[in-house]
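# Commentary on secondary and tertiary structure
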Amino acid sequence: MTWRIEYPYEDVEHFVLRLQPKLAARYFRLTDLMLEFGSDLGMPHSRPMSDGLIELRIKGQEGIARVFYCTLVGKRIVMLHGFVKKSQKTPAKELRIARNRMAEVKGK
């Protein structure tokens, strides 16, 4: 069974499609790797945050973007929230959105 990526929240899909070209290319390259090898790409590509939340780290000349995701039974990778990073620290608001959505998709 291969991995599959799901976008239950429309805004995440729209965010990805609106990324600058080089960031988008990087995102699609990383997600291709996830489909083939699984959700844990390791640093510098992905980083576990807490309680099953994982950060996909996208970096290019245009800037830095992050997409939070989690995994579900059946080799499902669920994209939860994306944002363009403008400071060193991940904003609490962005983490809160991702954690709330993770709780929704996991049924908690």
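Reading the values: the criteria
- Residues numbered from 1 in each chain as written.
- Predicted model: local features only at pLDDT ≥ 70, side-chain atom pairs only at ≥ 80, totals over all residues.
- Heavy atoms only, no water.
- Helix = DSSP H or I, 4+ residues; strand = E, 2+ residues; numbered from the N terminus.
- Expected span 1.5 Å × (residues − 1).
- Contact = heavy atoms within 4.5 Å.
- Pairing = 2+ DSSP bridges.
- Axes fitted to C-alpha atoms, helices over the stretch in contact; angles between N-to-C directions.
- Salt bridge = Lys/Arg side-chain N within 4 Å of Asp/Glu carboxyl O.
- Buried < 20%, exposed > 50% of the residue type's maximum accessible area, 1.4 Å probe, protein only.

Below, the discussion takes up helix 2 (residues 21-37). Between its terminal C-alpha atoms helix 2 stretches 24 Å, which fits the 24 Å expected from 17 residues at 1.5 Å a residue. Taken together, the buried residues of helix 2 touch strand 1 (4-6), helix 1 (10-17), strand 3 (53-60), strand 4 (63-72) and strand 5 (76-85). Just downstream of helix 2 lies G38, where phi reads positive at about 110 degrees.

This brings us to the sheet that holds strand 5. The 5 strands are arranged 1-5-4-3-2 in an open sheet whose pairing can be described as mixed. Both edges of this open sheet fall to strand 1 and strand 2 (46-50), since each of them pairs with a single strand only. Each adjacent strand pair in this sheet contributes to an overall mean axis angle of 35 degrees, direction not counted. Direction of pairing for strand 1 relative to strand 5: parallel, over a ladder of 3 bridges. For I5, the partnering residue across the bridge sits in strand 5 and is I77. The strands touched by helix 1 within the sheet are strand 4 and strand 5, with strand 5 carrying the most contacts at an inclination of about 60 degrees. Contacts from helix 3 (residues 92-105) reach strand 2, strand 3, strand 4 and strand 5 within the one sheet, and its direction differs from that of strand 5 by about 165 degrees.

Attention now moves to the pattern of salt bridges. Scanning all chains against the criterion turns up 6 salt bridges. A salt bridge links R76 to E6; the nearest nitrogen and oxygen atoms lie 2.7 Å apart. With R76 in strand 5 and E6 in strand 1, this pair connects stretches of sequence that are 70 residues apart. Taking the relative accessible area as the measure of exposure, R76 reaches 25% and is therefore partly exposed.

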